[in-house]
Amino acid sequence: MKQQTAEAESLTAMSSVTVQAPARLHLGFLDLNAEIGRKFGSIGVAINSHHTIIQISPAENFLIQGKGLTDNLKLKIRQICERFYESIGSQIPSANRCINICVKQTIPEHSGLGSGTQLALTVGTALAKFHGISISTPSIAKQLGRGKRSGIGIATFDHGGFVIDGGLKPNQTVPPILAHMDYPADWKIVLVMDPHHQGIHGTAEVQAFHELPIFPQENARLISHLTLMCLLPALIEKSCDDFGKAVTDIQALIGDHFAKAQGGRYTSKRVESCLLEAQRLGHSGVAQSSWGPTGCIFVENEAKAKQLIEHLTQFAKTTFSDGNAPIFIQTSADNHGAVIESSM
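This is a predicted model, so every value here is computed, not measured.

Criteria and thresholds
- Just so you know, the residues in each chain are numbered from 1, in the order the chain's sequence is written.
- A pLDDT threshold of at least 70 governs which residues receive local features in this predicted model, and a stricter bar of 80 or more applies before side-chain atom pairs are shown or counted, although totals over entire chains, interfaces and linings include all residues.
- In computing side-chain values, all of the structure's heavy atoms are included and hydrogens and water are not.
- The salt bridge definition used is simple: a Lys or Arg side-chain nitrogen within 4 Å of an Asp or Glu carboxyl oxygen.
- The way it works is that DSSP assigns letters per residue, a run of H or I at least four long becomes a helix, a run of E at least two long becomes a strand, and they are numbered from the N terminus.
- Accessible area is worked out with a 1.4 Å probe on protein chains only. A residue is then buried under 20% of its type maximum, exposed over 50%, and partly exposed in between.
- Any pair of residues with heavy atoms lying within 4.5 Å of one another is described as a contacting pair.
- Multiply 1.5 Å by the residue count of a helix minus one, and that product is the helix's expected span.
- One axis fitted to the seven residues ending at a residue, another fitted to the seven starting there: the angle between these axes is the bend at that residue.
- When DSSP finds at least two bridges between two strands, those strands are taken to pair.
- Every angle, taken between N-to-C directions, lies between 0 and 180 degrees, and every axis is a line fitted to C-alpha atoms, over only the stretch in contact when it is a helix.

Visitor: Any chance you could explain the pattern of salt bridges here in plain terms?
Guide: Any two side chains of opposite charge can pair, so long as their charged atoms come close to each other. For the structure on display, the rule yields 8 salt bridges. The partner of arginine 270 in a salt bridge is aspartate 194, and the shortest N-O contact between them spans 3.6 Å. Of this pair, arginine 270 sits in helix 9 (residues 269-280) while aspartate 194 is found in the loop between strand 7 (188-193) and helix 6 (203-211), placing the two residues 76 residues apart along the sequence. A salt bridge links aspartate 241 to lysine 245; the shortest N-O distance between them is 3.3 Å. Residue aspartate 241 and its partner lysine 245 are located together in helix 8 (residues 240-262), separated by 4 residues, close to a single helical turn. Overall, aspartate 241 belongs to the partly exposed group, its relative accessible area being 32%.

Visitor: Sorry, what's going on with the environment of serine 90 here?
Guide: Among the secondary structure elements, serine 90 is positioned in the loop between helix 2 (71-86) and strand 4 (99-105). The sequence separation of serine 90 and isoleucine 77 amounts to 13 residues, and the corresponding C-alpha distance is 17 Å. In this view, serine 90 contacts Phe84, Tyr85 and Arg97; residues no more than four positions away in its chain are not counted.

Visitor: How should I be thinking about helix 8 in this particular structure?
Guide: Every α-helix carries 3.6 residues per turn, so stepping three or four residues along brings you back to the same face. Across its 23 residues, helix 8 extends only 28 Å between first and last C-alpha, which sits more than 12% below the 33 Å expected from 1.5 Å per residue. The axis of helix 8 is deflected most strongly, by about 35 degrees, at aspartate 256. Backbone geometry just downstream of helix 8 places glycine 263 in the positive-phi region, at approximately 85 degrees.

Visitor: Mind showing me how you'd approach the pairing of strand 9 (residues 295-299) here?
Guide: For a regular strand, side-chain orientation follows a simple rule: the groups alternate between the two sheet faces. Among the 5 residues that make up strand 9, 5 are buried, leaving the element largely enclosed by the rest of the structure. Neither face of strand 9 is left uncovered, since the one carrying Gly295, Ile297 and Val299 and the one carrying Cys296 and Phe298 both have all their residues buried. Across 5 bridges, the pairing between strand 7 and strand 9 is antiparallel. The residue bridging valine 190 from the neighbouring strand is isoleucine 297, located in strand 9.

Visitor: It is not clear to me how the sheet that holds strand 10 (residues 327-331) should be interpreted in this structure. Could you clarify?
Guide: Hydrogen bonds between backbone groups are what pair the strands of a sheet, and the pairing can be parallel or antiparallel. The strand order across the open sheet formed by 4 strands is 8-9-7-10, and the pairing between neighbours is antiparallel. Edge strands, defined here as strands with exactly one partner in the open sheet, are strand 8 (285-288) and strand 10. Taking the axes of each pair of neighbouring strands and ignoring which way they run, one obtains an average angle of 20 degrees across the sheet. Across the sheet, helix 9 touches strand 7, strand 8, strand 9 and strand 10, and the angle it forms with strand 9 is around 20 degrees. With respect to the sheet, helix 10 (residues 302-319) is in contact with strand 7, strand 9 and strand 10, its orientation differing from that of strand 10 by roughly 180 degrees.

On their own, these measurements won't tell you what the molecule is for.
In structure tokens form, the structure reads like this:
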């Protein structure tokens, strides 16, 4: 008991810690059927247009602050901290839990960019670093209840880049990573964001997975075939067109399966119109990230991305008369993952 007390007292905050984590695009599941034993298996890539940035520093009391901080976000952070101190940081004395959590930036919630996982990992990693606890990101995710369906956000937090995970066996909590590689630096991604719409989340998401029909095994096989023989070779050979075609084919199978829950292949009709217009222009790679509403279009370079955004901006002005046109953002991949900085 004396030894445990001494160890706990030694876990004293020594520095201010800032953690910055990139958003991610979730491009599809390998196997929603699970007949052969593993379920899900995800495809995704980290992007550098949106980040969650959390700073933790010593304080006299436990504080959560930040510009534009909502009550809902504050509650989520408090719950993450409570879970951290109940598990990973259970040996930390109460006196050492007086900290100031400053929210500097967050990924938009329920937009399909992985905000929940990145918030949990950013806060959890910052707390562990602040208290001098050595622990892996998958272990943090497990203790904080993340990675139950996808390991993409966990892997992109650590490494960035393009990732495929191997899904979950029964009773497994975090999926293994099958492939990780840098996404071509010259390639750009045009995000189509609908700020007036949210993707399915929370209890509605859980209910959707329970109520959707069984995913056809032949479709799971086709997605795996497309991933292994089209998507990955295109990425290695740096063929943006072939990569885009493979993503679009995979998305069609996934989107049609989720159509009953989200109201169609895409959850936002505005985003859908823009993606179809991009296809009409000859862009082969279009997708919805996770439950959306964010859509994405894969292009070869910055010049083509700018040209596409200019066209879609004019298209939106003439198509959406209600003033609720989507937002178009050019981004590229984040190939390094989270950035952790500490200062004495």
